[in-house]
Amino acid sequence: MVLLGDAAWCVTLFAGYGSALAVGGADRLGTELERHPGDIGAALAAWEAALRPEVDKKQRLGRRVKGVYAPANPLLLWLTQLPLRLAALPPVRRYMTRRFIKG
């Protein structure tokens, strides 16, 4: 069994990197299986070695920015939601519609 994407790497819940690594990882796995016919262990080792640097980078990024997407502090959560709350106010919504949608 080979795990791909989020199941294999658990990079971050928010940015979609797992999907990209799943597609790229599947392609790379196929390439490595072709390069190492009959030696699945070698193919998997080469596949892991090829993907590991990018996975490590995305995992570090996910840990660094997790507070942006999931603030631990209720005040920070409220502040991150403030722009959406403001945009829902009728005067702001009308202004944004005139400014950005209707031209």
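Residues numbered from 1 in each chain as written. Predicted model: local features only at pLDDT ≥ 70, side-chain atom pairs only at ≥ 80, totals over all residues. Heavy atoms only, no water.

**Q** With reference to specific residues and values, describe the nonpolar core.
**A** Grouped together as the largest cluster of nonpolar side chains are seven residues: W9, V11, L21, L29, W47, L51 and V55. For this core, the secondary structure elements donating two or more residues are helix 2 (17–35) and helix 3 (40–69). Residue contributions to this core peak at three residues, all from helix 3. (Core = buried A, V, L, I, M, F, W, Y, C linked by side-chain atoms within 4.5 Å. Buried < 20%, exposed > 50% of the residue type's maximum accessible area, 1.4 Å probe, protein only. Helix = DSSP H or I, 4+ residues; strand = E, 2+ residues; numbered from the N terminus.)

**Q** So what's going on with the packing of helix 2 against helix 3? Which residues, and what values?
**A** Here helix 2 crosses helix 3 at 160 degrees, and the two axes come no closer than 9 Å. Classified by the angle between their axes, helix 2 and helix 3 sit roughly antiparallel to one another. In the crossing of helix 2 with helix 3, the sense of the turn from one axis to the other is right-handed. Residue-level contacts link Y17, L21, G25, R28, L29, E32 and L33 of helix 2 to I40, A43, L44, A46, W47, A50, L51, E54, V55, K58 and L61 of helix 3. Residues of the contact of helix 2 with helix 3, tallied by class, amount to 13 nonpolar, one polar and four charged. (Axes fitted to C-alpha atoms, helices over the stretch in contact; angles between N-to-C directions. Parallel < 35°, antiparallel > 145°, perpendicular 65-115°, else oblique. Left-handed = near helix turned anticlockwise from the far one by under 90°. Contact = heavy atoms within 4.5 Å. Nonpolar A, V, L, I, M, F, W, Y, C, P; charged D, E, K, R; others polar.)

Any link to function would need more than the numbers given here.
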